[in-house]
Amino acid sequence: MTHLHPSASLRRVIGWDLGGVHVKAALVEDDRVQAVVQAPCPLWNGLPALDATFAALPDWTREPARHAVTMTGELTDCFADRADGVAQLAAWAARTLQGEVAVYAGRAGLVAPDAASSHAPDIASANWHATAALIGALRPDALLVDIGSTTADLIPIRGGQPRPIGYSDAERLETGELVYTGVVRTPLLALSQTAPFRGRRTALMAECFATTADAYRLLGLLPEAEDQQDSADLKGKSIPETEIRLARMIGRDRHEGSEEDWVRLAGFFAEAQLRLLHDAAGLILSRGELFETAPIVYCGAGRFVATRLAARLGHPAEDLADLIAPRLAAEAAAFASTCGPAVAVAVLAAG
C-alpha cells in the first residue's frame, strides 16, 4: 500500500475522479478544499480525449502536487476490459500528473500506479467508496446517495465505514446499491415503457430521442453548469429544442402539445426516475441495519432529486458540501457536491 507523505515541495493534494464522461478534480491545500472543477471528457474516443480535457483544465491541476486518483472511466468501451482500463488510466496518471501519484483502491487503500493492475478489482469504479469513507468519518451511520449525470450510488454507512453488500458494479446492480440512472445522460426510454399524454397512455419510441437532461431542463431543475453533455440530437438546449426532443419520444411534433403538456410529460419522467431510486433505497433500508433517524448524505449533479428522495423516505438529509463546510473554501463550494468522489479522495489523502 502506498501512503502520500507531505514534502516541502508537495504540500498540495489534488484528488481526481477520472470518469467516462467527465473529469473531476479537487485541490486541498492548508487543510482546506480550495478549488474544484468538472469538465466533460468523451473518453470513449480514447486517451487523447483525456489529454485534451486535461490541457483545458485550470492551471492548478497541472502544477506539482500529491495526486490521489479514483476512476469509473475504466468501463469505457475504448478499453478491452475493465482491468485494461484501470491499467491504462493509472499509467496515464503516472506519466501526466506532476508530482507523486497514488491510485485509490477502495478497501485496499492507496496503491502505486504500477501496482494498479494487481488491484484492478479494488480500483474499478470505486469512487463511491471514497465518498462513503469520508462521510463515515463525520456521520458514522448514514446512507450516501450520490446521484450523478449517469448513475446513482446508494451506500449504507455503519460504524463509520461503508457497508454495502456489493462492491463491483455487477454486484451493486444486484443489491440496489448502484442504480444505472442519472439526471443528464439517461435515455428517457430507460425510465418507462409508456407515458401519459393528454389523458391517454401512449407507448414510447424505442429510440434515444431525449434524455433526463431534457426533462429536468424543462422543469427548471437542472443547473446550466451541470448540463455539460451533448443533447441526443446534437442540437441546442433551448426550451423549444428540448420540447422537440421530448415530443419525439411519443411520436409527436412539438406543435401537437402546449408548453404545459411538455412540462407535464417531463414531470412524469422525473417521477418515474424517483420511483426507481425509491425502490432501491427501500430495498437497502429493509435490511434494518440503519436507524430511522440515520441521515441521507447526498451529493452529485442530481442533488435536487436526492432531497425529494429523502423527503419521501422520511429521513433527514444533508448536503455533502454542508457536511464538510469547515474544510471547504467559499470558492470551492459550488462544485464540491457535484465532484464528491474527487473531493473525498483528496481529503482522505491529505489526512
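Bear in mind that the values here come from a model prediction, so they are computed numbers and not experimental data.

### Some details on the environment of E29
Right, so step 1: Position of E29 among the secondary structure elements: in strand β2 (residues 22–29).
Right, so step 2: For the pair formed by E29 and I14, sequence separation is 15 residues and the distance between their alpha carbons is 8.7 Å.
Right, so step 3: Dropping the residues within four chain positions of it, E29 is found in contact with R12 and Q34.

### Remarks on the sheet that holds β2
Right, so step 1: Strand order across the open sheet formed by six strands is β3-β2-β1-β4-β5-β6, with mixed pairing between neighbours. Only two strands of the sheet have a single neighbouring strand rather than two, namely β3 (32–40) and β6 (110–111).
Right, so step 2: In this structure, strand β5 (residues 99–104) lies alongside β6, joined through two bridges in antiparallel fashion. Residue pairing across strands places V103 opposite V111, the latter belonging to β6.

### What about the state of the cysteines?
Right, so step 1: Taken as a whole and assessed by the stated rule, the structure comprises zero disulfides.
Right, so step 2: The closest cysteine sulfur to the non-disulfide-bonded C41 is located on C78, 9.2 Å from its own sulfur.
Right, so step 3: With no disulfide partner, C339 has as its closest neighbouring cysteine sulfur the one in C299, 9.9 Å distant.

### A short note on the nonpolar core
Right, so step 1: The biggest cluster of nonpolar side chains holds 39 residues, and the ones touching the most others in it are V33, V36, I135, L144, L328 and V343.
Right, so step 2: Per-element accounting of this core gives the leading share, seven residues, to helix α12 (residues 340–350).
Right, so step 3: For V343, the contacting residues outside a window of four places in its chain are A26, V33, V36, I324 and A336.
Right, so step 4: Within the second largest apolar cluster, 36 residues are counted, among which are L47, V86, L89 and A124.

### Side note on the packing of helix α1 (residues 47–56) against helix α2 (residues 82–96)
Right, so step 1: Running from amino to carboxyl end, α1 crosses α2 at an angle of 35°, the nearest separation of the two axes being 12 Å. Here α1 runs over α2; the crossing is right-handed. Contacts from L47, L50, D51 and F54 in α1 reach Q88, L89, W92, R95 and T96 in α2.
Right, so step 2: Split by residue class, the contact of α1 with α2 holds five nonpolar, two polar and two charged.

### What to know about the pattern of salt bridges
Right, so step 1: As enumerated under the stated definition, the model contains 26 salt bridges in all.
Right, so step 2: Note that R12 is salt-bridged to E63, the shortest N-O span being 3.5 Å. One end of the pair, R12, is in the segment before β1 (13–18); the other, E63, is in the loop between α1 and β4 (65–71), and 51 residues separate them in sequence.
Right, so step 3: Linked by salt bridges that have partners in common, D214, R217, D227, D233, K237, R245 and R248 make up one network.

### A look at helix α4 (residues 127–138)
Along an α-helix, a turn takes 3.6 residues, which lines up residues three or four apart on a common side.
Right, so step 1: With respect to burial, α4 is a largely interior element, 10 of its 12 residues being buried.
Right, so step 2: Looking only at α4, the buried set comprises N127, W128, H129, A130, T131, A132, A133, L134, I135 and G136.

### A word on the layout of surface pockets
Right, so step 1: Its volume calculated, the largest pocket comes out at about 600 Å³.
Right, so step 2: Around the largest pocket, the lining is made up of 31 residues, and of these G20, V21, T72, T150 and T151 lie nearest the centre.
Right, so step 3: Of all the elements in the fold, those that place two or more residues in the lining of the largest pocket are β2, α4 and α5 (169–175).
Right, so step 4: The residue makeup of the lining of the largest pocket, split by class, is eight nonpolar, 14 polar and nine charged.
Right, so step 5: Of the volumes computed, that of the second largest pocket is approximately 360 Å³.

Basis of the calculations
- Residues numbered from 1 in each chain as written.
- Predicted model: local features only at pLDDT ≥ 70, side-chain atom pairs only at ≥ 80, totals over all residues.
- Heavy atoms only, no water.
- Helix = DSSP H or I, 4+ residues; strand = E, 2+ residues; numbered from the N terminus.
- Contact = heavy atoms within 4.5 Å.
- Pairing = 2+ DSSP bridges.
- Disulfide = S-S within 2.5 Å.
- Core = buried A, V, L, I, M, F, W, Y, C linked by side-chain atoms within 4.5 Å.
- Buried < 20%, exposed > 50% of the residue type's maximum accessible area, 1.4 Å probe, protein only.
- Axes fitted to C-alpha atoms, helices over the stretch in contact; angles between N-to-C directions.
- Left-handed = near helix turned anticlockwise from the far one by under 90°.
- Nonpolar A, V, L, I, M, F, W, Y, C, P; charged D, E, K, R; others polar.
- Salt bridge = Lys/Arg side-chain N within 4 Å of Asp/Glu carboxyl O.
- 1 Å grid on protein atoms, 1.4 Å probe; cavity = no way out; pocket = protein on both sides within 12 Å on 5 of 7 lines; lining within 4 Å.
- Points joined across faces, edges and corners; volume = space filled by probe spheres on them.

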